[in-house]
Structures are given as structure tokens and as C-alpha cells.
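The lines below spell out each chain.
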Amino acid sequence: MRQHTPPGQIAPHIPADVFQRAQATGQPVVFVVNDTPPAFPWGRLLLPFAIAGAAALGTWGVVLAIAWLMDVAAHTATVIAGTAGPIGAGGITLKLARGKNT
């Protein structure tokens, strides 16, 4: 019974009397392992989907933040233009916002 175990595999424990009897008589010892892997490796897919979900949520957050900032900037420019009145340079007058009466 001088079989070498392949690298990376460790044989399960067998009782000492069975091992000694097999050594004395030369009988082979048979290991039956009833360990079946799961049908589908969900753990291998969980990490990429979690990263993709986090990236999608982060991207939507950035898009919404930029849209909100543009909205605030547009409202601010409208308020400033409404209070400043017409702006002129070199004889050309530009009214940035309509008055409330027109």
C-alpha cells in the first residue's frame, strides 16, 4: 500500500485498525466520497454582479447630481438676469429675461 496521494488532495481519515489490516494483508483501501459540488456556482457570479450594480447606481447618482446642478445654475442665471435688467456693451443692448408684464 505505497500509493502516492496526488498534490492538493488529502485522503480522509481512516481508522488505525483498518489501515494496519490493509498494510498487513496488502488489501487496497477504498475511499468513497459523497461530496457533490453545487449545480451552479452562485458565489462566482455574485461579486461581478455586485460590482456592476454598484457601478450602475454610482453612475446614476452622478448623472442626477449633474442634472440637479444644471437646474440650479439655470434658475440662478434666470434670477440674476431678471434683477440685473438689460445688459449693454458698445451700444448693443441685450435683455436676458423678459419682464413679468410682457
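Remember, predicted model here, so these are calculated numbers, not experimental data. (Residues numbered from 1 in each chain as written. Predicted model: local features only at pLDDT ≥ 70, side-chain atom pairs only at ≥ 80, totals over all residues. Heavy atoms only, no water.)

### Describing the overall build of the chain
Phase 1 of the analysis: The helix and strand inventory of the chain stands at two helices and two strands.
Phase 2 of the analysis: Each helix and strand of the chain, placed in order from N terminus to C terminus, yields the pattern α-α-β-β.
Phase 3 of the analysis: Counting every position in the chain, which comprises 102 residues, the buried fraction comes to 5%.
Phase 4 of the analysis: Of the roughly 9500 Å² of accessible surface on the chain, a fraction of 67% belongs to carbon and sulfur atoms. (Helix = DSSP H or I, 4+ residues; strand = E, 2+ residues; numbered from the N terminus. Buried < 20%, exposed > 50% of the residue type's maximum accessible area, 1.4 Å probe, protein only. Areas by Shrake-Rupley, 256 points an atom, 1.4 Å probe, with all protein chains shown as cover.)

### Observations regarding the environment of Phe 31
Phase 1 of the analysis: Mapped onto the elements, Phe 31 comes out in the loop between helix 1 (16–25) and helix 2 (42–84).
Phase 2 of the analysis: Owing to a relative accessible area of 36%, Phe 31 belongs among the partly exposed residues under this scheme.

### Notes on the confidence of the model for the chain
Phase 1 of the analysis: Of the residues in the chain, 69% reach a pLDDT of 70 or more, and the chain-wide mean stands at 79.
Phase 2 of the analysis: Here strand 1 (residues 87–89) stands out as the least confident element of the chain, with mean pLDDT 66; helix 2 is the most confident, with 91. (pLDDT = per-residue confidence, 0-100.)

### Looking at a nonpolar patch on the surface
Phase 1 of the analysis: Together, Phe 40, Trp 42, Leu 45 and Phe 49 line one region of the surface with nonpolar side chains, adding up to about 480 Å² of accessible area.
Phase 2 of the analysis: We classify Trp 42 as exposed; its relative accessible area is 63%. (Patch = residues over 30% accessible without salt bridge, like charges linked within 9 Å, V, L, I, M, F, W, Y side chains within 5 Å. Salt bridge = Lys/Arg side-chain N within 4 Å of Asp/Glu carboxyl O.)

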